[in-house]
Amino acid sequence: MTALVLGMLRSRLGRALTVALLTALATVAAVAAPVYVDRTDRRIVDTAVAQADVGERNILVSGTVESGSDGTMPNTFERLGTGWLDAPGYTSVFSAQFAVQPAAVPVADPEQLSRVVYREGLCDHVVVVAGRCLMGTGDAVLGVSAAERLHLKPGDAVELTGSMFDSTNNRYLAAGPPTPVTVVGIVRASDGTEPYWGSGGALTDAGGPAFAVDRRTLATFARPAELQSFDAYPLPGAISVAHLGALREWVDEADSRRNSGARLTTDLSGLLDRIDAARADVRRTVPFAVAPVLVLAWAVIILAVAAATRARRYEHGIVALRGVARPGRWWLATGETLLPMLLGALAGFTAIGGWTTPGALPYAAVAVLGALLAGLAVGIRTVSGPVVSLLRRVDVRSGRWGARVAVFAAVAAAVAAFQVSGGLAPACVFLFFGLTAAVASPFLAARLGRLALRRGRLTGALAGLWLARRPSSARLLAVLVVALSSLAFAAAATTTAEQRRNAQADQEMGAATVLSVGAPSRRALLDAVHAADPAGRYAMAVVPFPGALAVDAPRLTFGSGLAALLHPADLGAPTTVKGTALSLDITVTHLDRTDDAFSAVVSPLDGRPNATVEFGAVLPGRHTYTAAIPCSEGCRLAQLAFRLAPYAGAALELTLHNAPTLTWQVPDGATATAQGGDVAMKLPPGPGAGTGVLRPDDGPAVLPVVSTGPLPPDGLLTVFDRQRPVPAKLVGTVSSLPRLGSTGSLVDLSYADRLSIDSTAEGAQVWLSADAPQSVTDAIATNGVTIDARRTVADARAALAGEGSALGLRFYLVAGVLAVVLAAAALLSGTVEGSSNDLRSLRTQGLAARRARTVEPVASVLLVLFAGLVAIPATAAAWAAAAPPELRGMPPLGPPALALAGGLVLLAVVAVLTSVRRGDRGARP
């Protein structure tokens, strides 16, 4: 029997190859799920790593090392620290730093401190702006902002000394003899975003301007202690799917490596958690999406095997007539299809890369086992009928039972669609409509045929009757409906999700490009942006604070008229002071307490951070109060603050004789009256945060606010000074704001800066328009602002598209395309079945050859078009019943309509080409 089966395969090699190709396609469709998951895992990891901040990728080990009795620094930390950083695929950079002060200033304030910094391999990662990089002992280089802040240039020599904090006097004292260094170069980072710079950033001035030196120069300083650290960062490919397990194990053990002498800091576990969550999202979606594809793959195999077996019914009838036993007949009926199926499954599994894809084998096993069982069942059932039926080439029919089973399955599918949660619900809806259409199609086709016959349209009549009397047509219709509905639903879901992700990205970004920057102060940020873009067309400075954004409102393009509401008038000329000391001539005419004191806040015009200077206790009578100020280049006087009693009592009364300005903004209950060149002030005490605070009247008294909701009842808004809210006024209400969404507020950055004494620009950004030239970005970087990161709307959209839920949903589209391809294969499987006998019989009875050639193409096109019509309500019902909650609502109609039309065109072309080939055979008498 086996030799006979092999002979049958050789004689009908075309049919065997067709079955093998269809099985290969079915295997590819089934294994597409694990292949997609594997490729998606890699993309998830690559995207997560690219979008992670430095703290999530890098590992920092740091510790304070105290000098030994001989003044040298022990190397214990450096020697042991590298052993901590054995994470697979990581390399590290050693650095050390300590505070210094000018040798000429034995007692220093915090504003007078600088740092001496050593970072391994520094010159390989910077660009020299002026001078050269480090070469010998005594050399030092400065960043651009540090050089501007210290007013140093290449060739300048300075003497520095190590500094230590004196907690008794709240001052910094010299910790050793002076050490001379020469500034040999001004540098900037060649790429401030590269992992070499670690979590501290590139050439940052946080903690004071930094003199970068080599190791030999570092050793020449006497210092009581220094901060040493190792910044470990991943090499390319270190964080990958293959290494996730090892990295997770290392992170779990990292906690045990912390001690009092060294701290290990990393957010790598958070990055790994996000990766794991995204991968889990994909795995929750893909199996549901592949389920209907797998069922369709089985259906294609069943149709192909049934067609091939029915084509040989007469041969099996002859075999049965000659008395061959049933087992032998079954082997002859199934062997010719099972062997090609096994070879096709092997070829398909190899072609799609199943051998190298984790988890692919179970999917392939399910697909192939189901196909083999289906092939066995169909083959055995086909040849098990009466010999007379086989010789007459008549199908084994199930009568009304087949229709009853189909109706029952359709009802079960409809019930499941409303009870099953998750990705199976759409498939249940498609199955309901497909089975319902399969049950109704013979009756509709017969009615269409009779109607066409009464109207004298013979081709239509023959096509309708041809569809009505063939059970395979109804089964094929169910396959087509499920395939087309799957594609249309997938197109609607993926398009809707993409539109909502894009809108979310636009909302979250606020601008086409967002630069995360570091600036010494908000004033320095504004000055740098204005210098880079004087016309205000391309760039806008932004500084966030909790629940709100401070923006350079005159450059705001969001919302009609919001700029005028937030910045109704230009700020007045600032009240300036200049020099290294500020002296105030004050006569106190009434003093109720002896512990009242006052201070001033000055804002350097060159963009350096604000400085608070103390004048000490207020004394009765006339006195001159003097305090050192860092204002050799000029400062804006931000405020005078008198510390008064927090309870009710007599007011402090004084006269300011040499007032920097005659007009002041005073707190509630206080007065400031100009009397010639003097200002008489009366300041009552009280518990409020602004009690005793006077500001020159060169800025807004109230901060305008545009918000999505009401302001606090007291009308005060916490902007940059967390300890002292500022008076605010709601000037506009909107439903949503860029970056903030439906909850938040906008204020003008320059107004808020005038009202605040804290000048830090924490979290500062620069928003760029889509057409901003690169020269604007370059100019910002050359004006004392460091660019730490750059992110575009395209990056934000890609980030959202790379999330696990989005990638999992996208497989629905892949599954929809595979479903249509399988449906086309189901149409092609008809080539195995010779359907020309009926037409030949009609040709002998006088049917014209031209008409005989058009019967089956017309029938096939009608079948495809009917499937398309049924797919429309099937898709709509599936969307209404089973669309994911985040996608509810009317989807865009264009993409699903286009996808459905494309699927119909493909299937119609395949149907016509296949049926024309058979029709040519049937047209021959």
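Residues numbered from 1 in each chain as written. Predicted model: local features only at pLDDT ≥ 70, side-chain atom pairs only at ≥ 80, totals over all residues. Heavy atoms only, no water.

This part covers the overall build of the chain. Helices and strands together make up the secondary structure of the chain, namely 25 helices and 30 strands. Within the chain, contacts between residues at least 6 apart in sequence are counted, and of these 80% link residues at least 24 apart. Accessible surface, the chain as shown: approximately 40,600 Å² in total, 60% of it carbon and sulfur. (Helix = DSSP H or I, 4+ residues; strand = E, 2+ residues; numbered from the N terminus. Contact = heavy atoms within 4.5 Å. Areas by Shrake-Rupley, 256 points an atom, 1.4 Å probe, with all protein chains shown as cover.)

So, on to the packing of aromatic side chains. In this description, a pair of aromatic rings is defined by centroid distance and the angle of the planes. What the rule picks out here adds up to 15 aromatic pairs. Between phenylalanine 598 and phenylalanine 615 the ring centres are 4.7 Å apart and the planes differ by 5 degrees, which places this aromatic pair in the stacked class. Here phenylalanine 598, found in strand S17 (residues 597-604), pairs with phenylalanine 615, found in strand S18 (residues 611-617); they are 17 residues apart in sequence, far enough to count as distant. As far as burial versus exposure is concerned, phenylalanine 598 and phenylalanine 615 are alike and both buried. Pairwise contacts between aromatic rings join Phe77, Phe94, Tyr118 and Phe230 into one cluster. Across from the ring centre of tyrosine 196, 5.2 Å away, lies the NZ or CZ of arginine 119, which sits over that ring. (Phe/Tyr/Trp six-rings, centres within 6.5 Å; stacked < 30°, edge-to-face > 60°. Buried < 20%, exposed > 50% of the residue type's maximum accessible area, 1.4 Å probe, protein only. Lys NZ or Arg CZ within 6 Å of the ring centre and 35° of its normal.)

Turning our attention to empty space enclosed by the protein. Taken as a whole and judged by the stated rule, the model has four cavities of 30 Å³ or more. Space inside the second largest cavity adds up to approximately 120 Å³. Forming the walls of the second largest cavity are 16 residues, and the residues nearest its centre are Ala289, Pro292, Phe430, Ser486 and Tyr812. Elements that contribute at least two residues to the lining of the second largest cavity include exactly helix H8 (268-311), helix H14 (424-454), helix H16 (471-509) and helix H22 (804-828). At five residues, H8 tops the list of elements feeding residues into the lining of the second largest cavity. (1 Å grid on protein atoms, 1.4 Å probe; cavity = no way out; pocket = protein on both sides within 12 Å on 5 of 7 lines; lining within 4 Å. Points joined across faces, edges and corners; volume = space filled by probe spheres on them.)

Among all positions of helix H7 (residues 244-254), only Leu244, Leu247, Trp250, Val251 and Ala254 are buried. In an axial view of H7, the angular spread of the buried residues amounts to 125 degrees, which keeps them on one side of the axis. (Arc of directions from axis to C-beta.)

This part is about a nonpolar patch on the surface. Where nonpolar side chains cluster on the molecular surface, the patch consists of Leu346, Trp355 and Leu361 and spans about 360 Å² of accessible area. Residue placement: tryptophan 355 occurs in the loop between helix H10 (326-351) and helix H11 (360-383). For tryptophan 355, a relative accessible area of 55% gives the class exposed. (Patch = residues over 30% accessible without salt bridge, like charges linked within 9 Å, V, L, I, M, F, W, Y side chains within 5 Å. Salt bridge = Lys/Arg side-chain N within 4 Å of Asp/Glu carboxyl O.)

On to the environment of phenylalanine 642, then. Mapped onto the elements of the fold, phenylalanine 642 is located in strand S19 (residues 621-643). Among the residues examined, phenylalanine 642 registers a relative accessible area of 4% and is labelled buried. With residues up to four places along the chain from it excluded, the contact list for phenylalanine 642 reads Ala597, Phe598, Val618, Leu652, Leu654, Leu683, Thr691, Gly692 and Leu694.

Whenever strands of a sheet pair, they do so through backbone hydrogen bonds, lying parallel or antiparallel. Spatially, S26-S27-S25-S28-S15-S14-S29-S13-S30 is the arrangement adopted by the nine strands of the open sheet, whose pairing is mixed. Of all the strands in the sheet, the pair left with one neighbour each is strand S26 (716-717) and strand S30 (786-792). As paired elements, strand S14 (residues 539-545) and strand S29 (residues 765-768) share four bridges and run antiparallel to each other. If you follow alanine 539 over to S29, its bridge partner there is leucine 768. Running over the sheet, helix H17 (residues 522-532) touches strand S13 (513-518), S14 and S29 and is turned about 160 degrees from S14. Packed onto the sheet, helix H20 (residues 774-781) meets S13, S14, S29 and S30 and runs at close to 150 degrees relative to S30. (Pairing = 2+ DSSP bridges. Axes fitted to C-alpha atoms, helices over the stretch in contact; angles between N-to-C directions.)

The next point concerns the state of the cysteines. Scanning the model with the defined rule gives two disulfides in all. Two residues, cysteine 123 and cysteine 133, share a disulfide whose sulfurs are 1.9 Å apart. Because the torsion about its S-S bond is -90 degrees, the bridge between cysteine 123 and cysteine 133 counts as left-handed. Remark: cysteine 133 occurs in the loop between strand S5 (126-131) and strand S6 (139-143) and cysteine 123 occurs in the loop between strand S4 (114-119) and S5; sequence separation between them is 10 residues. A relative accessible area of 31% means that cysteine 123 is categorised as partly exposed. With a relative accessible area of 13%, cysteine 133 lands in the buried category. Across a sulfur-sulfur distance of 2.0 Å, cysteine 631 and cysteine 635 are joined as a disulfide pair. Between cysteine 631 and cysteine 635, the disulfide has an S-S torsion of -100 degrees and is therefore left-handed. (Disulfide = S-S within 2.5 Å.)

As a rule of thumb, nonpolar side chains are buried together in soluble globular proteins. Within the largest apolar cluster, 133 residues are counted, with the highest numbers of intra-cluster contacts made by Ile239, Leu480 and Leu907. Dropping the residues within four chain positions of it, leucine 480 is found in contact with Ala823, Leu827, Leu863, Val864, Ala867 and Leu907. Membership of the second largest hydrophobic core comes to 35 residues, among which are Leu525, Phe720, Leu755 and Ala764. (Core = buried A, V, L, I, M, F, W, Y, C linked by side-chain atoms within 4.5 Å.)

Side chains of strand S24 (residues 693-696) alternate between two faces, with Val693 and Arg695 and Leu694 and Pro696 buried alike. Bridge analysis of S19 against S24 gives two bridges, and the strand direction is antiparallel. Paired with leucine 640 across the two strands is leucine 694, which belongs to S24. For strand S21 (residues 664-665) and S24, the ladder comprises two bridges, and the chain directions are antiparallel. Its bridge partner being in S24, glutamine 665 is matched across the sheet by arginine 695.

The next subject is the side chain of arginine 754. Checked against the element boundaries, arginine 754 lands in helix H19 (residues 749-754). A polar contact is formed between the side chain of arginine 754 and the backbone oxygen of glycine 572, at a distance of 3.4 Å. Within polar-contact distance, the side chain of arginine 754 engages the backbone oxygen of aspartate 698 at 2.4 Å. (Polar contact = N/O pair within 3.5 Å; in protein donor to acceptor, adjacent residues only side chain to side chain.)

Looking at the chain, the pLDDT average stands at 81 and 84% of residues meet or exceed 70. Across residues 398-421, confidence stays below pLDDT 50; counting only partners more than four residues off in sequence or on other chains, it has 20 contacts. Considering only residues more than four positions removed or in separate chains, one finds that residues 831-836, a stretch of pLDDT under 50, has 24 contacts. (pLDDT = per-residue confidence, 0-100.)

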